[in-house]
Amino acid sequence: MIRLEGVKRTYTRHGNTITAVQCDELRIAAGEYVAVVGPSGSGKSTLLSLLGGMLSPTSGRIWLDGISVYEQSVVARSIIRRERMGFVFQTFNLIPYLTALENVQVPLSLNGVSSANQAERATAMLQRFGLGDRLNHKPSEMSVGQQQRVALARTLVNDPQIILADEPTGNLDPASREVVLRAFDTCHEEGRTIITVTHDLIAAARARRRLVLNDGQISEESASLAKVA
């Protein structure tokens, strides 16, 4: 379970202190599928970085299964991310000079998986996303939708229990968006925890729980969802 207690993240701009995220308490149970919606600049990406162990809160604590994440060393937080979490970004972050297969193998290599097993697992994951004929293509040789599917395959190949997604359908055509959302549905059915921040109402509707973030303040979904998303 993920728990936020008294979390605040501030930054300074032109001499003024800006509160990006402020949350007295938030609990996300293991296996939940949560969408975070809100206008641009409301703090959604900041919240995701906090949850992912990538951005220390100015104050407060973030717990993951009883471990206070930001009381761990930088190395320990890196291990938590590598072993427990998978990240999906709107910009994909694929390595341009590697093929689809090699991109998906990267996290397996970092976890010390043998080369033969890397290739087998990465191939199977790419085939799952209909990319069996794109194994040796580089990102520049694939469509935007195909690149996102490669990025999603790379996220899932290490079998993470927590998936954090930042606008995962933002640049996608309807068919590619549906592929990604079906993958999230399957991950949820498999018991993984999914937290996605999105402007996409169709994507948000697939989640089982929706949070609204406005001016850094988090609230449960209300009838105003359509206005703030």
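In this text, all values refer to a predicted model and were calculated from it rather than measured experimentally. (Residues numbered from 1 in each chain as written. Predicted model: local features only at pLDDT ≥ 70, side-chain atom pairs only at ≥ 80, totals over all residues. Heavy atoms only, no water.)

Describing the nonpolar core
To keep it simple, the criterion reads: Joining through side-chain atoms within 4.5 Å is the link that ties buried Ala, Val, Leu, Ile, Met, Phe, Trp, Tyr and Cys residues into a set, and such a set is a nonpolar core. The cut-offs for exposure are 20% and 50% of the maximum accessible area for each residue type, with area from a 1.4 Å probe on protein chains only; residues under the lower value are buried, those over the upper are exposed, and the others partly exposed. Helical segments are the DSSP runs of H or I of at least four residues, strand segments are the runs of E of at least two, and each set is numbered from the N terminus. We call two residues in contact when some of their heavy atoms are within 4.5 Å.
Counting 38 residues, the largest nonpolar core has Leu126, Phe129, Val150, Leu152 and Phe184 as its most contacted members. When residues of this core are traced back to their parent elements, those giving at least two are β3 (33-37), α3 (100-110), α4 (115-128), α5 (144-156), β7 (162-166), α6 (174-189) and α7 (201-206). By residue number, the principal contributor to this core is α6, which donates six residues. Once residues lying within four places of it in the same chain are set aside, the contact partners of phenylalanine 129 are Arg149, Leu152, Ala153, Leu156, Val179 and Ala183. With 26 residues, the next largest nonpolar core counts Val21, Leu26, Leu47 and Phe87 among its residues.

Overview of the environment of valine 37
Here valine 37 is to be found in strand β3. With 32 residues separating them along the chain, valine 37 and glutamate 5 place their C-alpha atoms 21 Å apart.

Observations regarding the pairing of strand β1 (residues 2-13)
Worth spelling out the cut-off: A pair of strands is labelled paired if DSSP reports no fewer than 2 bridges between them.
As judged from the 11 bridges shared by β1 and strand β2 (residues 16-28), these two strands associate in the antiparallel manner. Within the sheet, the bridge partner assigned to arginine 3 lies in β2 and is arginine 27. Hairpin connection from β1 to β2: two residues lie between these consecutive antiparallel strands, with histidine 14 at a positive phi of about 50°. Sheet analysis places β1 next to strand β4 (residues 59-64), joined by five bridges and oriented antiparallel. Opposite isoleucine 2, over in β4, you have leucine 64 as the bridge partner.

Some thoughts on the side chain of arginine 209
We apply this condition: We define a polar contact as two N or O atoms separated by no more than 3.5 Å, with the added condition that, inside protein, one atom must be a possible hydrogen donor and the other a possible acceptor, whereas residues neighbouring each other in sequence contribute only through side-chain atom pairs.
Residue placement: arginine 209 occurs in strand β9 (residues 209-214). A distance of 3.1 Å separates the side chain of arginine 209 from the side chain of glutamate 32, its partner in a polar contact. Setting aside chain neighbours within four positions, we find arginine 209 in contact with Leu26, Arg27, Ile28, Glu32, Tyr33, Val34, Ala35 and Glu220.

Focus: unusual backbone geometry
Its identity as a non-glycine residue notwithstanding, aspartate 65 has a phi of 50°, on the positive side. Tracing the backbone through its elements, the reader meets aspartate 65 in the loop between β4 and β5 (67-68). Residue classification places aspartate 65 among the partly exposed positions, given a relative accessible area of 44%.

What to know about the pattern of salt bridges
Using the following cut-off: Here, a salt bridge means any side-chain nitrogen of Lys or Arg that lies within 4 Å of a carboxyl oxygen of Asp or Glu.
Applying the stated rule across the entire model yields 13 salt bridges. Notably, a salt bridge pairs glutamate 5 with arginine 3, separated by 2.8 Å at the nearest N-O pair. Since its relative accessible area comes to 32%, glutamate 5 is described here as partly exposed. A salt bridge links glutamate 71 to arginine 61; the nearest nitrogen and oxygen atoms lie 2.8 Å apart. In this pair, glutamate 71 sits in the loop between β5 and α2 (74-84) while arginine 61 sits in strand β4, placing the two residues 10 residues apart along the sequence. Using a relative accessible area of 52% as the deciding quantity, one classes glutamate 71 as exposed. The structure contains a network of salt bridges with shared partners spanning Glu178, Arg182, Asp185 and Arg206.

What about the packing of aromatic side chains?
To be explicit about the condition: By convention, a stacked pair of Phe, Tyr or Trp rings (six-membered ring in the case of Trp) has centres within 6.5 Å and planes under 30 degrees apart, an edge-to-face pair has planes over 60 apart, and any other such pair is tilted.
Summed over all chains, the structure comprises two aromatic pairs. Ring geometry for tyrosine 33 against phenylalanine 184: centres 6.5 Å apart, planes inclined by 90°, an arrangement best described as edge-to-face. Residue tyrosine 33 is found in strand β3, and its partner phenylalanine 184 is found in helix α6; the two are separated by 151 residues along the sequence. Taking relative accessible area as the criterion, tyrosine 33 reaches 1% and is therefore assigned buried.

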